[in-house]
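Working through the structure, step by step
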Amino acid sequence: MRGSYIAVALAASGSLFPQVTSAQATTDPLETRVTVLRDGFVDAVKACGVEPAFVPAVSISTDASVISYYRKTLIVGRWEELPPPIQGFADAWAAQVMPGEGGQALYDRIFNGFLVGHELGHWVGDWSGRWATLDRWDSEMEANRFAIAFAKLDPTTAAELERTVAMFDFLHAGPGPTPAGEDERTYFDENYETLATRDPIGYSWFQGRLMQLAWEQRDTADFCALVKLPPDTAGRNPDWSPRSGA
């Protein structure tokens, strides 16, 4: 199965490890950029003294999921190929958090940059076995913590990190989809499939909320500490088949 970060909504790139050092770099600028980010993340994992079971492939495939991790592959899309509603959402978002820069600049900064770390956080959970032992809430929260911790490793993106994370406040500025009297975490876990496939605005609200909560935990574990987290021995959802993406 496949998931998305903000379904029919969006995120920002920047300059995480901007120098092209990968021998696998291609002539496609987007694929090259994402491959460099992927390689930087893999190298950071190895620098923690951990050898990943496999390296995820990079695929350029544009659809409503925008960005995802699926079947050992990091999948990103092109701005030019996005459906008009998604571009329109990005334009509206950018008008609030990046005045004068436009939706494409925001899309490049968030989805084809910052959120690559989120999806690769899911990759760590995949080969480590941790992913399958977390509920939806913890899985998404942890992936956001990876995105933040990875960005902190590079001085350029670290300098812009607080501003980048603050951009997600736009997603949960209004009332959330959780019915009155219900717990938001329980509602998210129990209604994940419906939110992700039928309620992109509600799903985006939760992703904004989870980014806020991840930011509040930014100093509780560095990148290597996150990499080395073991599977959850409580086994929250031992029968859950992990879904990719956010």
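A few points on the structure. (Residues numbered from 1 in each chain as written. Predicted model: local features only at pLDDT ≥ 70, side-chain atom pairs only at ≥ 80, totals over all residues. Heavy atoms only, no water.)

1. Let's talk about helix α10 (residues 200–216)
Threshold: Secondary structure elements follow DSSP: runs of H or I no shorter than four residues count as helices, runs of E no shorter than two count as strands, and numbering proceeds from the N terminus. Expected helix span is given by 1.5 Å per residue-to-residue step, counting one fewer step than there are residues. Think of it in three bands: with a 1.4 Å probe and only protein chains considered, a residue is buried below 20% of the maximum accessible area for its type, exposed above 50%, and partly exposed in between. Throughout, a residue-residue contact means that at least one pair of heavy atoms, one from each residue, lies within 4.5 Å.
With 17 residues, α10 should reach 24 Å at 1.5 Å per residue; the first-to-last C-alpha distance of 24 Å fits that figure. α10 sits mainly inside the fold: 12 of its 17 residues count as buried. Three or more residues of α10 are buried, namely Gly-202, Tyr-203, Ser-204, Trp-205, Phe-206, Gln-207, Gly-208, Leu-210, Met-211, Leu-213, Ala-214 and Trp-215. Turning to α10, the residues buried within the fold contact α3 (103–114), α5 (136–151), α7 (161–166), α8 (184–190) and α9 (192–198).

2. Thoughts on unusual backbone geometry
Even without being a glycine, Arg-71 presents a positive backbone phi close to 50 degrees. Residues other than glycine seldom take positive phi values, yet Lys-72 does so here, at roughly 65 degrees.

3. Points about the pairing of strand β3 (residues 73–76)
Heads up, the condition is: Note on pairing: two strands pair once DSSP finds at least 2 bridges between them.
Here β3 shows a buried face lined by Thr-73 and Ile-75 and a second buried face lined by Leu-74 and Val-76. In terms of strand pairing, strand β1 (residues 57–60) meets β3 through 4 bridges, oriented parallel. Among the inter-strand pairings, Ala-57 is bridged to a residue of β3, identified as Thr-73. With 4 bridges joining them, strand β2 (residues 67–70) and β3 adopt antiparallel strand pairing. Residue pairing in the sheet places Ile-67 in a bridge with Val-76 of β3. The hairpin formed by β2 and β3 contains 2 residues between the paired strands, and Arg-71 there has a positive phi angle of roughly 50 degrees.

4. Some remarks on the packing of aromatic side chains
Definition in use: Classification of ring pairs rests on two measures: the distance between centres of Phe, Tyr or Trp rings, Trp counted by its six-membered ring, which must be within 6.5 Å, and the angle between planes, read as stacked under 30 degrees, edge-to-face over 60 and tilted in between.
Applying the stated criterion to the full structure yields 24 aromatic pairs. The interplanar angle of 55 degrees and the centroid separation of 4.9 Å between the aromatic rings of Phe-41 and Phe-150 together place this pair among those described as tilted. One end of the pair, Phe-41, is in helix α1 (residues 29–47); the other, Phe-150, is in helix α5, and 109 residues separate them in sequence. For the pair Phe-41 and Phe-150, one class covers both residues: buried. Consider the rings of Trp-205 and Phe-206, whose centres lie 5.3 Å apart with planes at 90 degrees: the pair is edge-to-face. You'll find Trp-205 and Phe-206 in the same group, each marked buried. Aromatic ring contacts, followed pair by pair, group Trp-79, Phe-89, Trp-93, Tyr-107, Phe-111, Phe-114, Phe-168 and Phe-170 into a single cluster.

5. Some details on the nonpolar core
The condition is simple: Here the nonpolar core consists of buried residues drawn from Ala, Val, Leu, Ile, Met, Phe, Trp, Tyr and Cys, with membership extended through side-chain atoms lying within 4.5 Å.
In terms of nonpolar packing, the biggest core is built from 67 residues, with Phe-41, Val-45, Trp-93, Phe-114, Trp-123 and Phe-223 touching the most fellow members. Contact partners of Trp-123, with chain neighbours within four places excluded, come to Phe-41, Val-42, Val-45, Pro-52, Phe-54, Val-55, Pro-56 and Tyr-69.

6. Quick look at the packing of α5 against α10
We apply this condition: To obtain an axis, a line is fitted to C-alpha atoms, over the contacting stretch when the element is a helix, and the angle between two such axes runs from 0 to 180 degrees between their N-to-C directions. For classification purposes, an angle smaller than 35 degrees is called roughly parallel, one larger than 145 roughly antiparallel, one from 65 to 115 roughly perpendicular, and anything else oblique. The crossing is said to be left-handed when, going from far helix to near helix, the turn is anticlockwise and less than a right angle, and right-handed when the turn is clockwise. All amino acids are sorted into three groups, where Ala, Val, Leu, Ile, Met, Phe, Trp, Tyr, Cys and Pro are nonpolar, Asp, Glu, Lys and Arg are charged, and the leftover types, Gly among them, are polar.
Orientation of α5 relative to α10, taken along the N-to-C sense of each, is 60 degrees, at an axis distance of 9 Å. In this view, α5 runs oblique relative to α10, as classed from their interaxial angle. The interaxial crossing formed by α5 with α10 has right-handed handedness. Here Trp-137, Glu-140, Met-141, Asn-144, Arg-145 and Ile-148 of α5 lie close against α10, whose contacting residues are Phe-206, Gln-207, Leu-210, Met-211, Leu-213, Ala-214 and Trp-215. Among the residues making up the contact of α5 with α10, the classes are represented as 9 nonpolar, 2 polar and 2 charged.

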